[in-house]
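Structural description and commentary
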Amino acid sequence: MWPDGSRYEGYWKSDKANGQGKLVHADGDIYEGLWVNDKAHGKGTYSHANGAYYNGDWIDDKQHGFGMESWPDGAKYEGDYIDGKKEGKGKLTFADGSYYEGEFKQNEICGYGKYYWPDGKQYDGEWSHNKMHGNGTLIWKDKKKYQGQFVNDKREGKGTFSWVDGR
């Protein structure tokens, strides 16, 4: 039993959780997987009492490596983690059906990636702090297109807007 009332069931070594085990937190959250010296380390699943969960790689009690995370509203992420944050390549699907595939930094959409809206609009280009920022191409369902620069989700700077009919 942990000091906060959490309960561990599994393998021990030198009075510490080591090997396969399950920790039921006092708040109802559960981690089940591999342990090294009282820390989640290796493959494991963390289930939150609210229905959110993460299944994947852990190092030193943090999500690290490849994993899949989902939330009760239907949103989900599948991709890379470093030190407990989305970092590297991944796919984030939102509850409304829109999704982003590309690069993440420090839990934010950042770098190169593609975003698809449920209405058929799509963006292919650079991102910073979860916003279209840099060079990119925005295409609407009716095939009109803007190709150029973006600043904080807005068309700004040099760019070309074109319509299907050529105007």
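This report concerns the structure included in the present document. In this text the structure is predicted, and so the values were computed from the model without any measurement.

A tally of helices and strands in the chain yields zero helices and 14 strands. Listing the helices and strands of the chain from first to last along the sequence gives β-β-β-β-β-β-β-β-β-β-β-β-β-β. Dimensions of the chain, computed from C-alpha atoms along their principal axes, come out at roughly 75 × 25 × 20 Å. A total accessible area of about 10,000 Å² is found for the chain, and carbon and sulfur atoms account for 49% of it.

Our focus in this paragraph is the environment of Glu 69. Relative to the helices and strands, Glu 69 is located in strand 6 (residues 62-70). Between the C-alpha atom of Glu 69 and that of Lys 105, which follows or precedes it by 36 residues, the distance is 16 Å. Each residue touching Glu 69, except ones within four places of it in the same chain, is listed here: Tyr 53, Tyr 54, Gln 63, Ala 75, Lys 76, Tyr 77, Tyr 81 and Lys 86. Here the side chain of Glu 69 touches Tyr 81 through a polar contact of 2.8 Å, side chain to side chain.

Within the secondary structure layout, Asn 18 lies in strand 2 (residues 16-24). The class for Asn 18 is buried, based on a relative accessible area of 14%. For Asn 18, the side chain forms a polar contact with the main-chain oxygen of Lys 13, separated by 3.3 Å. If sequence neighbours within four positions are ignored, Asn 18 has contacts with Tyr 8, Tyr 11, Trp 12, Lys 13, Trp 35, Val 36 and Asn 37.

Overall, the coordinates contain seven salt bridges when judged by the stated rule. With a shortest N-O distance of 3.9 Å, Lys 89 and Glu 103 are connected by a salt bridge. Residue Lys 89 is found in strand 8 (residues 85-93), and its partner Glu 103 is found in strand 9 (residues 99-105); the two are separated by 14 residues along the sequence. Judged by its relative accessible area of 28%, Glu 103 is partly exposed. Ionic pairing is found between Lys 144 and Asp 142, a salt bridge with its closest N-O pair at 3.9 Å.

A positive phi angle is found at Asp 15, which is not glycine, with a value near 65°. A relative accessible area of 69% places Asp 15 in the exposed class. One non-glycine residue, Asn 107, lies in positive phi territory at about 75°. One can find Asn 107 in the loop between strand 9 and strand 10 (108-116). Given the relative accessible area of 38%, Asn 107 is considered partly exposed.

What counts, and at which threshold
Residues numbered from 1 in each chain as written. Predicted model: local features only at pLDDT ≥ 70, side-chain atom pairs only at ≥ 80, totals over all residues. Heavy atoms only, no water. Helix = DSSP H or I, 4+ residues; strand = E, 2+ residues; numbered from the N terminus. Areas by Shrake-Rupley, 256 points an atom, 1.4 Å probe, with all protein chains shown as cover. Contact = heavy atoms within 4.5 Å. Polar contact = N/O pair within 3.5 Å; in protein donor to acceptor, adjacent residues only side chain to side chain. Buried < 20%, exposed > 50% of the residue type's maximum accessible area, 1.4 Å probe, protein only. Salt bridge = Lys/Arg side-chain N within 4 Å of Asp/Glu carboxyl O.

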